[in-house]
Amino acid sequence: MVELLRVTGLTKVFTLHLLGGRTVEACRDIEFALRPGEILGIQGPSGAGKSTILKCIYRTYVATAGQAWYRSLRGSVDLLACPVQTILALRRFEIGYVSQFLRVVPRVSALQVVAEGLPRNEWTQSRALQEAARLLEHLRIPCDLWEASPCTFSGGEQQRVNIARAVAHRPRLLLMDEPTASLDHESRRLVQELILELKRQGSSIVVVSHDWQTFNQITDRVLRLDQESKACVTGGSQHVEAAADH
Amino acid sequence: MGGIELSGLNIADTFSGLQGNPVPDEPLLRVRGLTRIYGRGCAECVVRTGPEAGSNICPICASIVACAGVSFDLYAGEMMGVVGESGSGKSTLVQCLYFDHTSSAGEAYLKSYRGGAVNMLGSSAQEQRHIRHHLMGMVYQNPHQGLRLDCTAGGNIAEKLLTAGFFHVGRIRERASELLRRTEVPMERMDHLPRHFSGGMQQRVQIAKALANNPPLVFLDEVTTGLDVSVQARVLDLIRHLHRELGLAMLVVSHNLDVIRLLTDYTLVMKSGRVVEAGLTDQILGDPQHPYTQLLVSSLL
Amino acid sequence: MMANKKAVRPGYNYAFLDEQTKKEIRRRILKAVAIPGYQVPFASRELPIAQGWGTGGLQLTLALVGPDDVVKVIDQGSDDVVNAVNIRRLLLQTTGVKTTENTDAASLIQTRHRIPEERLGDWQTLVFQVPYPEPLRRVEPSEVKTREMHAEADYSRLWVYLYEDIVRWREITVGAQYPVLVNKRYVMDPSPIPRWDVPKLHMAANLNLFGAGREKRIYAVPPYTRVQPLEFEDHPFRVESFEGKSCAVCGSTGSFLDELLDNHTGARRYTCSDTAYCAKRLLSEKRHGQRPTRRTDGGD
Ligand SMILES: Nc1ncnc2c1ncn2[C@@H]1O[C@H](COP(=O)(O)OP(=O)(O)O)[C@@H](O)[C@H]1O
Ligand SMILES: [Mg+2]
Ligand SMILES: [Zn+2]
Ligand SMILES: [Zn+2]
């Protein structure tokens, strides 16, 4: 089967100009591939560079080296090098990203926050709000909270809103960074279900997590990072698959 | 109850309506090498100034290079930020594009003006006035610049509509009240003088005026600077809301990175009259490349 | 051939002004005619009448008047008020031309604040005395700015003024000096004529010249030029209404009427503002026992 995403040689070195140009290597020579409909887990100790990988792919970080070929609906693009306009369009229509924390505008309602995840030109405001309501309902956010700003929500509720926003446009490629970090048991179960549903509908997902319990059952393969070398220990798909099978 | 049901749409459907491609078509506004020098200017002005020189004043002729060599593309419906410390050339940049100042050099093409084939910086004053009134809107930091404080709020909006050849008092008032409603200015203030309005309300009237002729492009220069925090928040919400609802392209100038983060997808960072870094706003904030941007971002946190 | 040689006072150049000045003014007039509604600057001269008494219009008249002309001078519609009489005397004493009160007989008419009721023909020239030539002055004090606004045909602020007038008073309250758009290009001040007279400028057969002495400007509405009062689609321009009123002297219901208050009884009376027109009607009635058939139209 053709891969949806192939990452090769991904390296990120930060140059800290404020510290006299000191450099910090966050990850080096990362290699992996993601097949359509697959859920890939990335595991590793804190500081191993897991978030960096996702952020480089999403272009929040500027990769120092490497490529990330993504098979978009309009042809293949290297996400690390393509024009920002392409990235913006892909973010709008094809790629979703769930951050560790929800960063919200205090005065925007949960419903709005989620609706804003939908591309404006494709969705009218009222349809977008309907869709947002449906997602919030699925994620069991009590409907009396919908009009309130998520900044007043509990951590678990906030994170569910965050996820709803990121998946509202049904991304083909979903990047999730510790999506369950702040959640209680019940919320985790809901997120797990949502991810599986997205997978069923054809999304391919890369998820970074410590939460082995939640993701053990749903990841198809796992990529392990080692803090010392900052490289992938189980590089190459056979290795990765083996890790998932253990 | 089984697994989580997502709405009837599946992924294939979501994309079937999308006819664009990952690379959108022509930009709405294309700017190349925009330069504005105050003073006589000399051959060395541009090379002797800038972020490396740490100044925008030419050491030879003492001219001020307010901005130089600024290039960017702004796409329809997009929000672009311009950030930088005060004096870095942000206002000069937008004011050149709005023809408040003449530019010393450079080109600017607007898709809706002659198909984007003609450099509008070289157009006649009359053409530029037409572009200003039909294809652009401007919201200044200082409401005195954008509003006639001795004309009513409705009169201010009417001015834009009258310029566009809308000679029907009833329809002008309909449109003005619609704009004031959108910008959350109480209708009963329509026939009052903005002189007596609060700063926040003056800004909202300015925004209504800028939107009067449905321009595809709006410039916002430090629109919240100088307002109380709670008032700032309301104005920012309004801008976000209008952007989402009307799908305008906006060029948002601010020295405040929080404003830029809240509003924009793409950002230019300016220092000493030059663009030192440009990129996705989350990248500028998350992984700034230029030493100056790193300083700017670090002082934010 | 001069009509009135013995009236001419010796020691003055023909038509008072020196030839150079007259030539210069004629040149400016030609430019003004070439660009309808555009204000042409000119070097205004001192005249033996006070400024504000129509020196601008008078200079045009002096530069134009030829020995064969028949001149009529009116002030607010009347041939007999001091200002009109003085100007007529000056013209007479420096040129000896024939003068008349009969609009139909005059080739050159100098006026202040009125256009005669009788429609003018293409052989006639009407010269207006203008106190304030700049129609944009009420919205912009700076001359540099108003010139710029004219150059760019940017009249939005004047429109806003009219809009706010309607909002405040439900109608445009501008009475005299109603701004007009000439030849679809320049907004022009037609001098303080009543609204009643404004439509007479539109596609008029005669040449209209405007002179402002103090402000040193000449402008023109050449024959058969479009002159449109600024108006809104839902607030069309309207002339003064004299409905139910008629001239107490000649009975006219189709002319601009002046209101007179009887000091004793407090009663209001109306008479034609154009006194020559009124007199002509009266005379014709006496002669033929009927009113003159030639009606003028206040509207177009
Ligand atoms: N009219 C002017 N004359 C001379 N220098 C000016 C003028 N306007 C701006 N400048 C200078 O140009 C530079 C950029 O100013 P400006 O565009 O206002 O920056 P910003 O909007 O980023 O604060 C500054 O050095 C400023 O002093
Ligand atoms: Mg500024
Ligand atoms: Zn220099
Ligand atoms: Zn009468």
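Going by the structure above, here's the rest.
Residues numbered from 1 in each chain as written. Chains lettered and ligands numbered in written order. Predicted model: local features only at pLDDT ≥ 70, side-chain atom pairs only at ≥ 80, totals over all residues. Heavy atoms only, no water.

Asks: In this structure, what is going on with the overall build of chain A? I would like to understand it.
Replies: Looking only at helices and strands, chain A features 8 helices and 9 strands. Overall, the C-alpha framework of chain A stretches about 50 × 40 × 40 Å when taken along its three principal axes. Looking at chain A as a whole, 56% of its 246 residues are labelled buried. For chain A, the computed accessible surface area is about 10,000 Å², with 50% contributed by carbon and sulfur atoms. (Helix = DSSP H or I, 4+ residues; strand = E, 2+ residues; numbered from the N terminus. Buried < 20%, exposed > 50% of the residue type's maximum accessible area, 1.4 Å probe, protein only. Areas by Shrake-Rupley, 256 points an atom, 1.4 Å probe, with all protein chains shown as cover.)

Asks: How should helix α3 (residues 125-134) of chain B be read in this particular structure?
Replies: Inspection of α3 of chain B places Gln-128, Arg-129, Ile-131 and His-133 of chain B among the buried residues, and these make up the whole buried set. Where α3 of chain B is buried, its residues contact β4 (105-110), β5 (136-139) and α5 (153-163) of chain B. (Contact = heavy atoms within 4.5 Å.)

Asks: Mind showing me how you'd approach the pairing of strand β4 (residues 108-112) of chain C here?
Replies: On a regular strand, one side chain projects to one face of the sheet and the next to the other, so that they alternate. All names here are of chain C. For β4, the buried fraction is high: 4 of the 5 residues fall into the buried class. Pairing of strand β2 (residues 70-75) with β4, which is carried by 5 bridges, proceeds in the parallel orientation. If you follow Asp-75 over to β4, its bridge partner there is Arg-112. (Pairing = 2+ DSSP bridges.)

Asks: I'm lost on the interface of chain C and chain B in this one. Help?
Replies: In many reports, interface size means the accessible area that the parts give up when they come together. Each side of the interface is counted separately: chain C has 17 residues, and chain B has 21 residues. In terms of surface lost to chain B, no three residues of chain C exceed Glu-152, Tyr-163 and Glu-233 of chain C, which account for 34% of the buried area on that side. For the salt bridge of Arg-171 of chain B with Glu-233 of chain C, the shortest nitrogen-to-oxygen distance reads 3.1 Å. At the junction of chain C and chain B, the tally comes to 10 residue pairs in polar contact (both at pLDDT 80 or more). In terms of residue count, helix α5 (residues 156-169) of chain C provides more of the side of chain C that touches chain B than any other element does, 8 residues in total. (Buried area = accessible area lost by both parts, 1.4 Å probe. Salt bridge = Lys/Arg side-chain N within 4 Å of Asp/Glu carboxyl O. Polar contact = N/O pair within 3.5 Å; in protein donor to acceptor, adjacent residues only side chain to side chain.)

Asks: Can you walk me through helix α11 (residues 291-300) of chain B in this structure?
Replies: The periodicity of an α-helix, 3.6 residues per turn, causes residues three or four positions apart to be oriented the same way. Of the residues making up α11 of chain B, those classed as buried are Tyr-292, Thr-293, Gln-294, Leu-296 and Val-297 of chain B. Looking at the packing, one finds that the buried side of α11 of chain B touches β1 (5-16) of chain A together with β3 (79-83), α9 (257-263), β8 (266-271), β9 (274-280) and α10 (281-286) of chain B.

Asks: Can you walk me through the side chain of Glu-118 of chain C in this structure?
Replies: Mapped onto the elements of the fold, Glu-118 of chain C is located in the loop between β4 and β5 (125-129). Here Lys-280 of chain C takes part through its side chain, which lies 2.4 Å from a polar atom of the side chain of Glu-118 of chain C.

Asks: Just to check I follow, could you spell out the site of ligand 1 for this structure?
Replies: Residue and element names in this part refer to chain B. In the vicinity of ligand 1, the contacting residues are Tyr-38, Asn-56, Ile-64, Ala-66, Glu-85, Ser-86, Gly-87, Ser-88, Gly-89, Lys-90, Ser-91 and Thr-92. Here Asn-56 contributes a side-chain N or O atom positioned 2.7 Å from an oxygen atom of ligand 1. Interatomic distance of 2.6 Å between a side-chain N/O atom of Ser-91 and an oxygen atom of ligand 1. Starting from 550 Å² of accessible surface for ligand 1 in isolation, the protein chains cover 65%. Looking at the shell around ligand 1, the element that brings in the most residues is helix α2 (residues 90-97), giving 3 residues. Of the residues belonging to the shell around ligand 1, the class tally is 3 nonpolar, 7 polar and 2 charged. (Near = heavy atom within 4 Å. Nonpolar A, V, L, I, M, F, W, Y, C, P; charged D, E, K, R; others polar.)

Asks: Explain the coordination of the zinc ion (ligand 4) here, please?
Replies: Residues and elements named next belong to chain C. Within the protein, the zinc ion (ligand 4) binds to Cys-247 (SG), Cys-250 (SG), Cys-272 (SG) and Cys-278 (SG); these donor distances fall in the range 2.2 to 2.3 Å. What the 4 donor atoms of the zinc ion (ligand 4) show is an angle range of 104 to 118° at the metal, which sorts the shape as tetrahedral. Read in sequence order, the donor residues for the zinc ion (ligand 4) give the motif C-x2-C-x21-C-x5-C. Separated by 22 residues along the polypeptide, Cys-250 in the loop between β10 (227-229) and β11 (257-261) and Cys-272 in strand β12 (residues 268-272) bring together distant segments of the chain. Assessed through its relative accessible area of 1%, Cys-250 is described here as buried. When its relative accessible area of 4% is taken as the criterion, Cys-272 is described as buried. (Donors = N, O, S within 2.8 Å, 3.2 Å for Na, K, Ca; no water. Tetrahedral: all angles 85-135°; square planar, octahedral: opposite > 155°, others 65-115°.)

Asks: Help me understand the sheet that holds strand β9 (residues 217-221) of chain C, please; the structure alone is not making it clear to me.
Replies: The strands that make up a sheet pair up through hydrogen bonds in the backbone, lying either parallel or antiparallel. Residues and elements named next belong to chain C. Spatially, β1-β9-β8-β5-β4-β2-β3 is the arrangement adopted by the 7 strands of the open sheet, whose pairing is mixed. Edge strands, defined here as strands with exactly one partner in the open sheet, are β1 (40-41) and β3 (98-99). Pairing of β2 with β3, which is carried by 2 bridges, proceeds in the parallel orientation. Note on β3: the bridge partner recorded for Val-71 is Thr-99.

Asks: Just checking my understanding: could you explain a nonpolar patch on the surface for this structure?
Replies: Where nonpolar side chains cluster on the molecular surface, the patch consists of Leu-18 and Leu-19 of chain A together with Leu-295 of chain B and spans about 280 Å² of accessible area. Turning to its location among the elements, Leu-295 of chain B is positioned in helix α11. By relative accessible area, Leu-295 of chain B is classed as partly exposed at 45%. (Patch = residues over 30% accessible without salt bridge, like charges linked within 9 Å, V, L, I, M, F, W, Y side chains within 5 Å.)

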